[in-house]
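Chain by chain, the residues:
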Amino acid sequence: MKRVHTSRFRVATRGTSREINRSIVLNLVRERQPISRADLARVMDVRRGAVSLIVNDLLSEGLIFEGATGETVRGRKPTFLYIDSRRRAVVAADIRASETFVMLADLLGKPMAGPSSFPTVRDPKELVALLAERIKRLLADHPEVDACEGVGVVVPGMVEHSTMRVLHAPTLGWRNVNLRELLAAATGFPVQIENSGRACALAQAWASRDDLGGTSGDLVFVSVSDGVGVGVMIHGEVLRGRHNIAGEFGHLPLSLDGPRCSCGSNGCWEAYVSNPATLARYFGRQVEQAGPTRVEQRHFTVEDLIARARAHDAKASAALETTARYLGLGLASVINVLDPARVYVGGEITLAWDLIEPAVRAAIAERALTPAAAETDIRPVASTEYPRLRGAAALVAAPAFAAPVVA
Ligand SMILES: [Zn+2]
């Protein structure tokens, strides 16, 4: 059995609130299912009777289920508890400046069907109409789903946590968009909205709660796509700041007179490492260059660029190498400012991780303030794991199962 970190799973006591005990039990069932009542009591270090009271409540609410009888050497056979993640689902949506992705996930955040996408339209009302249509179709295609628990949406911008209003999404040109209200009205489901980087960090922390070992568990998620979204978890909490902009490393300037950024400034990290920046570098044009692009460039993606680099296209390799260097320089700032236990990097660029890692590491080593900091654990997250959509799913799925973090 895995060791339980008592710093993260508070031991239930008479003084522990009912809500906390419920989420501790739910989270343990999620992580260790199928699990017996006796094992729950052992892990939580409480009497079996106390566990049974909570379990009975959760059973009657349909949040957990009793399954097949287990085998024991002696005595009575325990029944196992599990979470029925099949019949209840969540819808995950990832709005990017270029495309919007939609996926159905189970209550544990696992994809039930591969994502589909459509081109993002900038008008929020039009976009909501298209998205609602997709969501209805997705649920109609999955009649085995009894209930949709809600829609989680990640956006490339700053979100006011209390109202879930999108305060500013530079790549979409949005300010103060009440996406939640529009989408809830159009779908009839509860809607949760979060910044893409923060949602990725949340989902990553949720999925890997156990494997950060004895460290503080501070983690950063850097999501590279049409822009750069960064989510920061400190002491198990998503860092938001006073004005909901904490962690916006994407707009940290690397140079005062660098390329134009979506936010209107020049030389932001995002303007050097986003997918459009990498493609612009390859095609020898300015990233902000508007107007028609040549046909060969219009449908050319970072995946295509990586394929060319693997086929020994020197220009493609050079473009990736430069992006890798800037990625590393920005990561060094993230490390120097936050000193996290681990930094996750998501996005299509991770498909080329074996090609770019040396340049990323060299740039980090150049700027990190101590040799130990230069060795910070950097983990690419494969784009085939859909980290942004998992982040969106976690917005709906995680709160019900989140273990309370007690310092
Ligand atoms: Zn910027």
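See above for the structure.
Attention here is on the structure that accompanies the text. (Residues numbered from 1 in each chain as written. Predicted model: local features only at pLDDT ≥ 70, side-chain atom pairs only at ≥ 80, totals over all residues. Heavy atoms only, no water.)

## Describing the coordination of the zinc ion
Stated formally: With water excluded from the atoms, a metal site may look incomplete; its donors are any N, O or S atoms within 2.8 Å, or within 3.2 Å for Na, K and Ca.
The zinc ion binds to the protein through His 251 (ND1), Cys 261 (SG), Cys 263 (SG) and Cys 268 (SG); the donor distances cover 2.0 to 2.3 Å. Of note, the donors binding the zinc ion are all from one chain and are spaced H-x9-C-x1-C-x4-C.

## Things to note about helix α6 (residues 196-207)
Spelled out, the test is: Secondary structure is summarised from DSSP: a helix means a run of H or I of at least four residues, a strand means a run of E of at least two, and numbering begins at the N terminus for each. Expected helix span is taken as 1.5 Å per residue step, with the number of steps being one fewer than the number of residues. Any pair of nitrogen or oxygen atoms within 3.5 Å is treated as a polar contact; in protein, a donor-acceptor pairing is required on top of that, and neighbouring residues in sequence qualify only through side-chain atoms on both sides.
The terminal C-alpha atoms of α6, which comprises 12 residues, lie 16 Å apart, in line with the 16 Å expected from a rise of 1.5 Å per residue. Near the N-terminus of α6, the side chain that reaches the backbone nitrogen of Gly 197, with its oxygen 3.0 Å away, is that of Asn 195.

## Examining helix α4 (residues 124-140)
Using the following cut-off: Think of it in three bands: with a 1.4 Å probe and only protein chains considered, a residue is buried below 20% of the maximum accessible area for its type, exposed above 50%, and partly exposed in between. The directions considered for the arc run from the helix axis to the C-beta atoms. By definition, residues are in contact when any of their heavy atoms lie within 4.5 Å.
Across its 17 residues, α4 extends 24 Å between first and last C-alpha, which sits within 8% of the 24 Å expected from 1.5 Å per residue. Those residues of α4 that sit buried are Pro 124, Leu 127, Val 128, Leu 131, Ala 132, Ile 135, Leu 138 and Leu 139. Projected onto a plane normal to the axis of α4, the buried residues spread over an arc of 135° and lie on a single side. The elements touched by buried residues of α4 are β4 (88-95), β5 (99-106), β6 (111-119), β7 (147-155), β10 (174-177) and α5 (179-187).

## Some remarks on the environment of Leu 127
Mapping Leu 127 onto the fold places it in helix α4. Overall, Leu 127 belongs to the buried group, its relative accessible area being 1%. Dropping the residues within four chain positions of it, Leu 127 is found in contact with Ile 95, Thr 100, Phe 118, Thr 120, Val 121 and Trp 174.

## Considering the environment of Pro 276
Tracing the backbone through its elements, the reader meets Pro 276 in helix α8 (residues 275-283). Separated by 26 residues in sequence, Pro 276 and Val 302 place their C-alpha atoms 8.3 Å apart.

## Looking at the packing of helix α11 (residues 314-338) against helix α12 (residues 353-367)
Which entries qualify depends on this criterion: Comment: axis = line fitted to C-alpha atoms, over the contacting stretch for helices; angle = value between 0 and 180 degrees taken between N-to-C directions. The cut-offs work like this: below 35 degrees is roughly parallel, past 145 is roughly antiparallel, 65 to 115 is roughly perpendicular, and the gaps in between are oblique. If you view the pair so one helix is near and one far, a crossing is left-handed when the near helix is turned anticlockwise from the far one by less than a right angle, and right-handed when it is turned clockwise. Nonpolar residues are Ala, Val, Leu, Ile, Met, Phe, Trp, Tyr, Cys and Pro. Charged residues are Asp, Glu, Lys and Arg, and all others, Gly as well, are polar.
Contact geometry of α11 with α12 gives a least axis separation of 7 Å together with a crossing angle of 45°. Classed by the angle they form, the pair α11 and α12 counts as oblique. Here α11 runs over α12; the crossing is right-handed. When α11 is examined against α12, the residues Leu 320, Glu 321, Ala 324, Arg 325, Leu 327, Gly 328, Leu 329, Leu 331, Ala 332, Ile 335 and Asn 336 are found in contact with a partner set consisting of Trp 353, Leu 355, Ile 356, Ala 359, Val 360, Ala 363, Ile 364, Glu 366 and Arg 367. By residue class, the composition of the contact of α11 with α12 is 14 nonpolar, two polar and four charged.

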